[in-house]
Amino acid sequence: MAGKKSEHGEPVELTVGERVVRLSSPDRVYFPETGATKRDLADYYLAVGEGIVRALYERPCMLHRYPEGLAGEKVHQKRVPRGAPDWLETVRVTFPRYDRTADELCVTELASVIWAVQMSTVELHPWNSRRADTERPDEWRIDLDPMPEAGFDRVRRVAGVAQEVLDELQITGFPKTSGGDGLHVYVRIRPDWGFADVRRAALAFAREVERRAPQDTTTTWWRKDRDPAAVFVDYNQNTRDHTIASAYSVRGNPRGTVSTPIRWDEIADVEPQELTMATVPARFAELGDLHAGIDDVEHDLTPLLEWADRDEREGLDVPGDDDS
């Protein structure tokens, strides 16, 4: 006798490399505006598999889960739950402030990402360090975060200044949309410094961008004190255990926008809201992973740390690392 049909579809088994991942409730609608389902989300990640694995590879990863779809509650999950498949890889990270540890997902293959989708994950938020040494980042993140009255044209202008400064430093940055209103630029660095120094270097860079574009940019620490029409160069995203959505991560909004790698010359015309889980697979098939070369060079932070030393000698403080 046939079993009762599930309200959200019968489970399906997806072959992902050497693994088989069971996807339950595949017809559950996750994205109300588009009607995209849990199965659609899995298919999206399969389509950009090479890119999402590169973005997450061997990094502790926090999961942003929506067990009932975006219409329901959002869950931030650091710990991989009991009962996870034995092939799933994890990395243990410590939280000294709370005297706790967590075994976080550590993606080494695409099946891990599809398992996360089975666990109702929409967004994947990796650390900027890898499991070989979680206390020494190998990724510097430049987050151009517009304040409420700043339009995307202002983000474009600040991105141009950021590119100018990176070029002068002979540093290669890899831009991507945030999936929201901002832009991110990622830089591979030698894993020779701890989080505090990477953050100091990021602050020195942000202050240089602000000097060159004072009407468009702010590094003011407290949100309430920032110009509401400025772009905040958020150096604090380099603080330990601060994470942002990875390249190719879908974002938890009704359209299912994607944090999408772009070329520098696309910034002038890109419309981030058009880069969604429905449109990015075709772009990926045509262009490949625009971050494919990100691991080819590891940059030296010494010049930026020298800028940081100069700024501190001149009396500019280093704001605390609490959430703003």
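Residues numbered from 1 in each chain as written. Predicted model: local features only at pLDDT ≥ 70, side-chain atom pairs only at ≥ 80, totals over all residues. Heavy atoms only, no water.

The name an unreviewed UniProt entry assigns to the chain is DNA ligase D, from the organism Barrientosiimonas humi.

Novice: Outline the overall build of the chain, listing residues and values.
Specialist: Scanning the chain from N- to C-terminus turns up seven helices and 14 strands. Taken over the C-alpha trace, the chain has a radius of gyration of 20 Å; the compact-globule value for 324 residues is 20 Å, and the two agree within 12%. The dimensions of the chain, computed from C-alpha atoms along their principal axes, are 80 × 40 × 40 Å. Considering the chain as a whole, with its 324 residues, one finds that 55% of them fall into the buried category. Put simply, 71% of the contacts in the chain that link residues at least 6 apart link residues at least 24 apart. Only carbon and sulfur atoms are counted for the fraction: they give 46% of the accessible area of the chain, which is about 14700 Å². A distance of 4 Å separates the average location of the 42 positive side-chain charges in the chain from that of its 60 negative side-chain charges. (Helix = DSSP H or I, 4+ residues; strand = E, 2+ residues; numbered from the N terminus. Rg over C-alpha atoms; globule rule 2.2 N^0.38 Å. Buried < 20%, exposed > 50% of the residue type's maximum accessible area, 1.4 Å probe, protein only. Contact = heavy atoms within 4.5 Å. Areas by Shrake-Rupley, 256 points an atom, 1.4 Å probe, with all protein chains shown as cover. Lys, Arg positive; Asp, Glu negative; His and termini not counted. Charge placed at Lys NZ, Arg CZ, Asp CG, Glu CD.)

Novice: Describe in detail the side chain of E123, supporting the description with residues and values.
Specialist: For E123, the position within the fold is in strand 9 (residues 121-126). A relative accessible area of 3% places E123 in the buried class. In this structure the side chain of E123 is engaged in a polar contact, spanning 2.7 Å, whose partner is the side chain of H125. Among the polar contacts made by the side chain of E123, one reaches the side chain of R251 at a distance of 3.2 Å. (Polar contact = N/O pair within 3.5 Å; in protein donor to acceptor, adjacent residues only side chain to side chain.)

Novice: Outline the sheet that holds strand 10 (residues 139-146), listing residues and values.
Specialist: Strand-to-strand pairing in sheets goes through backbone hydrogen bonds, with the strands running parallel or antiparallel. On the basis of which strands lie adjacent, the open sheet formed by five strands has the order 11-12-10-14-13 and mixed pairing. At either margin of the open sheet sits one strand with a lone partner, and together these are strand 11 (174-177) and strand 13 (217-218). (Pairing = 2+ DSSP bridges.)

Novice: Tell me about helix 4 (residues 152-168), residues and numbers included.
Specialist: Taking 1.5 Å as the rise per residue, helix 4 with 17 residues should run 24 Å; its terminal C-alpha atoms sit 25 Å apart, in good agreement. What helix 4 keeps buried is the set F152, V155, R156, V158, A159, V161, A162, V165 and L166. Against the buried residues of helix 4 lie strand 10, strand 12 (183-188), helix 5 (195-212), strand 13, strand 14 (231-233) and helix 7 (302-313). Once helix 4 ends, the next one or two residues include Q170, with phi positive near 60°. (Expected span 1.5 Å × (residues − 1).)

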